[in-house]
Amino acid sequence: MSSDYDRVRTGIEFMTAYVSGEELLTEYLKERKQEEPGATDTLLDGTAALCAALLHTLARTTRRSEHEILQELARGTHRSERRSED
């Protein structure tokens with residue numbers, strides 16, 4: 001089992017590749033899968049750990065519950081998708 005630090009660091013690496021563009025993300029995923037056959041599970045776990053850490057930090061700094069923040073994200077995403085359909 002990896003430490004929380006290692007899990008979050010893996011999530012940061014994955015999300016850095018994600019925001020860097022599709023080409024870099026594809027190359028990153030290819031390299032990770034060559035290094036580690038179970039890379040997909042590791043990346044999912046790391047991304048979940050990163051999201052949890054960010055959610056916890058946001059809740060603490062805004063003094064809102066994690067559930068409230070998640071609900072607001074869901075509502076905002078739904079509104080954004082509805083606008084893009086119109």
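What comes next is a walk through the structure. (Residues numbered from 1 in each chain as written. Predicted model: local features only at pLDDT ≥ 70, side-chain atom pairs only at ≥ 80, totals over all residues. Heavy atoms only, no water.)

1. Structural notes on the pattern of salt bridges
Argument step 1. Using the criterion set out here, one finds six salt bridges in the structure.
Argument step 2. D45 is paired through a salt bridge with R7; the nearest N and O atoms lie 2.7 Å apart. Taken as a pair, D45 in helix α3 (residues 39-62) and R7 in helix α1 (residues 4-19) lie far apart in primary sequence, 38 residues in all.
Argument step 3. Exposure remark for D45: the relative accessible area of 33% places this residue in the partly exposed category.
Argument step 4. Across the salt bridge formed by R32 and E36, the nearest N and O atoms sit 3.3 Å from each other.
Argument step 5. Assessed through its relative accessible area of 27%, E36 is described here as partly exposed.
Argument step 6. A network of salt bridges, in which partner residues are shared, links D4, R7 and D45. (Salt bridge = Lys/Arg side-chain N within 4 Å of Asp/Glu carboxyl O. Helix = DSSP H or I, 4+ residues; strand = E, 2+ residues; numbered from the N terminus. Buried < 20%, exposed > 50% of the residue type's maximum accessible area, 1.4 Å probe, protein only.)

2. Digging into the packing of α1 against helix α2 (residues 22-35)
Argument step 1. For the pair α1 and α2, interaxial distance at closest approach is 7 Å and the crossing angle is 140°. By the angle class used here, α1 and α2 are oblique. Of the residues in α2, those in contact with T10, E13, F14, A17 and Y18 of α1 are L24, L25, Y28, L29 and R32. (Axes fitted to C-alpha atoms, helices over the stretch in contact; angles between N-to-C directions. Parallel < 35°, antiparallel > 145°, perpendicular 65-115°, else oblique. Contact = heavy atoms within 4.5 Å.)

3. Focus: the side chain of T10
Argument step 1. By the element assignment, T10 lies in helix α1.
Argument step 2. Leave out the neighbours within four places in its chain, and T10 touches Y28, R32, T42, L43 and G46.

4. Observations regarding the nonpolar core
Argument step 1. Ranked by size, the top nonpolar core spans five residues in total: F14, A17, L25, Y28 and L43.
Argument step 2. For this core, the elements supplying multiple residues, two or more each, are α1 and α2.
Argument step 3. Leave out the neighbours within four places in its chain, and Y28 touches T10, E13, F14, A17 and L43. (Core = buried A, V, L, I, M, F, W, Y, C linked by side-chain atoms within 4.5 Å.)

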